[in-house]
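# Survey of secondary and tertiary structure
Residues per chain are reported as follows:
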Amino acid sequence: MILFFSVAVAYPVDHRASFAALALALLGLSSTVPTLIAAFYSGALADRYDRGKLMRFVNLVGVAATTGLAALFVFQPAGQIDLPGPPGFYVPVWILFIYPFWAAVIVSSTIFRPAFNTSVPRVVRRDLLGRANGAIYAIAGGVSAAGTIGVGVLLTVAPAAYAFAIPFALLFVTQVALSGVDVDLSVSRTGPARSLLRDARNGFAYLRQHRSLLQITVAALVINFLVALATVELALYVTSWLGLTQGIWYGAMVAAATVGASAGFVLVANVRFEPRAGRWLIGLTCALGGSLFALALVHTIWLALPIIFLFGTIPGMFTTVFLSTIQSTVPDEMMGRVFSADEVGSYALVPVGQYAGGELTVAAGVQGTYFFAGATILVFGVFMFAAFGSLRNLSYPSSPSSTGH
């Protein structure tokens with residue numbers, strides 16, 4: 001949030017719809033290659049090494065990278081570099097220095113996720129996975145929302161460097177909490193020893209053999225591309241389309257989406273989605289497209305806030321259904337690789353979406369970008385229901401005595 005807002009306001013008002021849009025797209029692209037490489041191997045690492053130790057190590061990398069970003073904002077080198085694009089397009093030098101630190105932050109979280117998600121079934125009964133995932137991510141979302149509001153306040157009243165105290169504190173607390181985990185999270189492997197590359201490839205083979213999971217990955221590939229198309233320009237949506245240049249308003253939008261996600265985690269955890277897991281995922285896709293489309297229709301923060309709250313609620317519900325389905329149906333020793341294979345497939349086009357969002361915003365404006373992304377996701381959701389039969393019929397038993405399919 002700090003980075004995207006700082007980049008959005010780094011340009012004069014008359015260049016924000018063009019220069020800032022492209023600079024935000026480049027920020028998204030900066031972590032592309034390292035993130036995809038990390039995602040490819042993250043599951044194999046989670047299925048090969050002690051997951052507790054792995055989480056502690058990569059979280060420490062996140063702490064170090066966040067510290068580096070804070071130092072960069074304190075010393076902020078001057079100057080600018082001209083780049084191809086609209087006439088006169090340039091990027092301030094300090095923004096270019098952001099890229100490697102931002103890549104390190106994203107890579108650390110990318111490797112962290114499969115290790116964490118595969119650890120949950122070690123401590124939670126299968127029939128409680130939906131509620132457990134909902135509770136875990138709802139609490140995380142609440143803390144994140146509070147942090148987001150705090151960052152927004154600091155961006156409004158103090159230099160951006162001070163705002164890094166909040167993500168640093170959250171990562172530090174996570175490191176302390178991980179150090180206190182006394183559950184055995186080592187992995188018991190069967191079969192002959194394999195290379196890390198072959199282990200990683202096995203996750204993709206598993207997806208190919210299970211059509212419903214493969215269709216989820218294909219759907220997520222399209223959805224995440226289109227969501228990235230719009231959300232990479234959220235700071236510009238607030239500062240340009242809504243005309244609010246104080247950081248507190250951008251913080252409020254991000255916080256509303258985060259609180260919405262927490263609400264989604266709680267809501268879906270209290271319904272029996274297991275018998276119709278696939279239909280839930282399709283329905284939520286349509287709702288996601290509708291919420292993005294609605295953002296393009298409003299021109300006031302007081303309508304945008306409840307809409308983006310709903311926009312956040314939907315991925316929260318989607319994530320809980322997806323995580324619980326994988327955790328309940330995939331063997332423990334394969335689970336990390338399935339998570340990472342899905343993540344590579346799901347997020348492969350996100351950087352492309354981020355850059356395309358910048359180009360589309362330059363050509364069609366912020367409103368046009370949100371119209372296009374929302375309408376296309378909505379149409380794709382209808383297509384999923386008609387064409388993705390295996391996903392439409394995806395279900396699994398929630399009883400701890402039952403077996404997965």
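Here the structure is a predicted model, which means the values were calculated and not measured. (Residues numbered from 1 in each chain as written. Predicted model: local features only at pLDDT ≥ 70, side-chain atom pairs only at ≥ 80, totals over all residues. Heavy atoms only, no water.)

Bringing the overall build of the protein into the picture now. Looking only at helices and strands, the protein features 17 helices and two strands. The C-alpha atoms of the protein give 21 Å as radius of gyration, which agrees with the globular expectation for 405 residues (22 Å, within 12%). Looking at the 405 residues of the protein, the share that counts as buried comes to 52%. Sequence-distant contacts, at least 24 apart, represent 82% of the contacts inside the protein between residues at least 6 apart. (Helix = DSSP H or I, 4+ residues; strand = E, 2+ residues; numbered from the N terminus. Rg over C-alpha atoms; globule rule 2.2 N^0.38 Å. Buried < 20%, exposed > 50% of the residue type's maximum accessible area, 1.4 Å probe, protein only. Contact = heavy atoms within 4.5 Å.)

Attention now moves to helix H13 (residues 277-297). In an α-helix, one turn spans 3.6 residues; hence positions three or four apart end up facing the same way. End to end, H13 covers 31 Å across 21 residues, agreeing with the expected 30 Å (1.5 Å per residue, within 8%). Summarising the contacts, the buried residues of H13 are in contact with helix H10 (211-231), helix H11 (234-241), helix H14 (301-329), helix H16 (350-387) and helix H17 (389-392). (Expected span 1.5 Å × (residues − 1).)

Inspection of the entire model under this criterion finds six salt bridges. In this structure, the salt-bridge partner of Asp332 is Arg122, at a minimum N-O distance of 3.4 Å. A residue pair is termed long-range when its members are at least 10 positions apart, and Asp332 in helix H15 (residues 332-347) and Arg122 in helix H5 (residues 93-123) qualify at 210 residues. Residues joined by salt bridges that share partners form a network here, namely Asp47, Arg48, Arg51, Arg122, Asp199, Asp332 and Arg337. (Salt bridge = Lys/Arg side-chain N within 4 Å of Asp/Glu carboxyl O.)

With 96% of its residues at a pLDDT of 70 or more, the protein has an overall mean of 86. Looking at the elements of the protein, mean pLDDT is at its lowest for helix H2 (residues 16-29), recorded as 76, and at its highest for H13, recorded as 95. pLDDT under 50 marks residues 400-405. Its contacts with residues more than four places away, or in other chains, come to eleven contacts. (pLDDT = per-residue confidence, 0-100.)

Moving on: the environment of Ala65. Note that Ala65 resides in helix H4 (residues 51-75). Among the residues examined, Ala65 registers a relative accessible area of 5% and is labelled buried. Contacts of Ala65, omitting those with residues within four sequence positions, involve Phe101, Ala104 and Val105.

This paragraph deals with the environment of Tyr162. Turning to its location among the elements, Tyr162 is positioned in helix H7 (residues 160-163). C-alpha of Tyr162 to C-alpha of Leu54: the two residues are 108 residues apart in sequence and 29 Å apart in space.

Right, let's get into the packing of H11 against helix H12 (residues 247-269). Taken N-terminus to C-terminus, the directions of H11 and H12 make an angle of 135 degrees; their axes are 10 Å apart at the nearest point. Classified by the interaxial angle, the pair formed by H11 and H12 is oblique. Crossing angle aside, the handedness with which H11 passes H12 is right-handed. Touching Leu234, Ala235, Tyr237 and Val238 of H11 are Trp249, Tyr250, Met253 and Val254, all from H12. (Axes fitted to C-alpha atoms, helices over the stretch in contact; angles between N-to-C directions. Parallel < 35°, antiparallel > 145°, perpendicular 65-115°, else oblique. Left-handed = near helix turned anticlockwise from the far one by under 90°.)

Counting residues in each nonpolar core, the largest one holds 98 residues, and the members touching the most others are Ile98, Tyr237, Met253, Leu292 and Tyr370. The element contributing the most residues to this core is H14, with twelve residues. When near neighbours in sequence (up to four residues on either side) are disregarded, Tyr237 contacts Leu242, Met253, Leu295, Val298, Ala304, Val366 and Tyr370. Core analysis: the next-biggest nonpolar cluster, separate from the first, contains twelve residues, Ala38, Met55, Phe112 and Leu178 among them. (Core = buried A, V, L, I, M, F, W, Y, C linked by side-chain atoms within 4.5 Å.)

Our next topic: a nonpolar patch on the surface. Judged by side-chain polarity, Phe168, Phe172, Val173 and Val176 come together as a nonpolar surface patch covering roughly 380 Å² of accessible area. Structurally, the position occupied by Val173 is in helix H8 (residues 165-179). (Patch = residues over 30% accessible without salt bridge, like charges linked within 9 Å, V, L, I, M, F, W, Y side chains within 5 Å. Areas by Shrake-Rupley, 256 points an atom, 1.4 Å probe, with all protein chains shown as cover.)

This paragraph deals with unusual backbone geometry. The backbone phi angle of Gln76 is positive, close to 20 degrees, even though this residue is not glycine. Residue position: Gln76 is located in the loop between H4 and strand E1 (80-82). Residue class for Gln76 comes out partly exposed when judged on its relative accessible area of 38%.

Taking 1.5 Å of rise per residue, 16 residues should cover 22 Å, and H15 covers 23 Å from first to last C-alpha, within 8% of that figure. In terms of burial, H15 is largely enclosed, as 13 of its 16 residues are buried.

Throughout the structure, instances matching the rule amount to 20 aromatic pairs. Relative to Phe388, the ring of Phe383 has its centre 5.8 Å away and its plane inclined at 70 degrees; by these criteria the two rings are edge-to-face. Chaining the aromatic ring pairs together yields one cluster made of Tyr11, Phe19, Phe89 and Tyr90. A cation over an aromatic ring shows up here: Arg392 above the ring of Phe385, its NZ or CZ 5.6 Å from the ring centre. (Phe/Tyr/Trp six-rings, centres within 6.5 Å; stacked < 30°, edge-to-face > 60°. Lys NZ or Arg CZ within 6 Å of the ring centre and 35° of its normal.)

It is worth spelling out the side chain of Thr35 at this point. One can find Thr35 in helix H3 (residues 32-48). The residues touching Thr35, leaving out its near neighbours within four places in the chain, are Ile106, Val107 and Thr110.

Before going further, it helps to spend a moment on the environment of Ala165. With respect to the secondary-structure elements, Ala165 resides in helix H8. Judged by its relative accessible area of 47%, Ala165 is partly exposed. Distance from Ala165 to Pro114, taken between C-alpha atoms, is 26 Å for residues 51 residues apart in sequence.

Across the interface, H4 lies against H8 with an axial gap of 9 Å and an inter-helix angle of 160 degrees. When the axes of H4 and H8 are compared, the pair comes out roughly antiparallel. The handedness of the crossing between H4 and H8 comes out as left-handed. Taking contact as the criterion, the partners of Met55, Arg56, Asn59, Leu60, Gly62, Val63, Thr66 and Thr67 in H4 are, on H8, Pro167, Phe168, Leu171, Phe172, Thr174, Gln175, Leu178 and Ser179.

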